[in-house]
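The residues making up each chain are set out below.
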Amino acid sequence: MRRPVSKAIIHGYMAVSTSNVSDALDRLGIPCEPTHIGALWEGCKKVVGPAMTLTLAPLENSHKEITTVVGTLQAIMDAQPGDVLVIDVGGRMDLNTFGGVAGATSLHYGLAGVVCDGVARDIDEYKTLGLPVFGKGFIHQSVRGRVGYVSHDTEARLGTNIVRPGDLIVGDENGVVVVPHEQIEAVLKIARFVKDTEDGVIAAIRAGGDPIEVHQKVKYDDMLKRSA
């Protein structure tokens, strides 16, 4: 069952980086493998929001009655405003995962952005729309007739990371991380602590402090050890 995420939580995650979030996940012992997924153009806005998942697969393993285009549009229409569309295509790099028409539809339905475990096209259109889109790269070739729709609003993957509907997706210049919905508040609390600590270290060094002593004072090397 999907749980609502408050605006305060969204704003909180907007104020920390995916590096901070990754550190918090490490401290809590929550798996967070690198996805090699990033923003698809310089200046792409950060994205934070609950996941609406979409899974695509080779034609022989997909629905015969529902095309990729129809399945993608249905996932967008079934999403809640502020959701992030997460597209699992198994990391394929040889075909488009998401295009401009779907991008315009996503914006129309109030989605916060899109994360593809693959490549996307129509980057110029996303830039014009102001829609954040993250992926492994870009391509011109269409997805139509090459893969098919499997399901949406069900468990999916970004790389080796499992994504369930409602898990929080955070993407910025450093990459994309997945926060289990049960741990959203706990992860944010530690991410804020990590950011505040690192900001304090930088401020102390700029004020003339010895860099090694400053790091040792906050036990920087131990920050990511699992809390009891």
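Enumeration over the complete set of coordinates arrives at 2 aromatic pairs. An aromatic cluster of three or more residues is present, and its members are W41, F98 and Y126.

Grouped together as the largest cluster of nonpolar side chains are 38 residues, with contacts concentrated most on L85, I87, F98, V114, V115, L158 and I169. Elements with a minimum of two residues in this core: β2 (47–58), α3 (68–78), β3 (84–88), β4 (113–117), α5 (123–129), β6 (133–135), β8 (147–152) and β12 (175–179). Among the elements that take part in this core, β2 stands out by supplying 5 residues, more than any other. In contact with L158, not counting residues within four places along its chain, are T35, I37, V86, I87, V115, D117, V163, V176 and V178. Counting residues in each nonpolar core, the second largest holds 21 residues, with I10, A24, L168 and I184 among its members.

On to the pairing of β12, then. Summarising burial for β12: 5 of the 5 residues are buried, a large majority. Side chains G175, V177 and V179 project from β12 onto one buried face, and the interleaved V176 and V178 project onto a second face that is buried too. When strand β11 (residues 168–172) meets β12, the two strands line up antiparallel, connected through 5 bridges. Paired with L168 across the bridge in β12 is V179. Taking the residues that link successive antiparallel strands as the turn, the β11-β12 hairpin has 2 residues.

Reading guide: rules and limits
Residues numbered from 1 in each chain as written. Predicted model: local features only at pLDDT ≥ 70, side-chain atom pairs only at ≥ 80, totals over all residues. Heavy atoms only, no water. Phe/Tyr/Trp six-rings, centres within 6.5 Å; stacked < 30°, edge-to-face > 60°. Core = buried A, V, L, I, M, F, W, Y, C linked by side-chain atoms within 4.5 Å. Buried < 20%, exposed > 50% of the residue type's maximum accessible area, 1.4 Å probe, protein only. Helix = DSSP H or I, 4+ residues; strand = E, 2+ residues; numbered from the N terminus. Contact = heavy atoms within 4.5 Å. Pairing = 2+ DSSP bridges.

Note that every value here comes from positions in space, so none of it alone points to a role or purpose.
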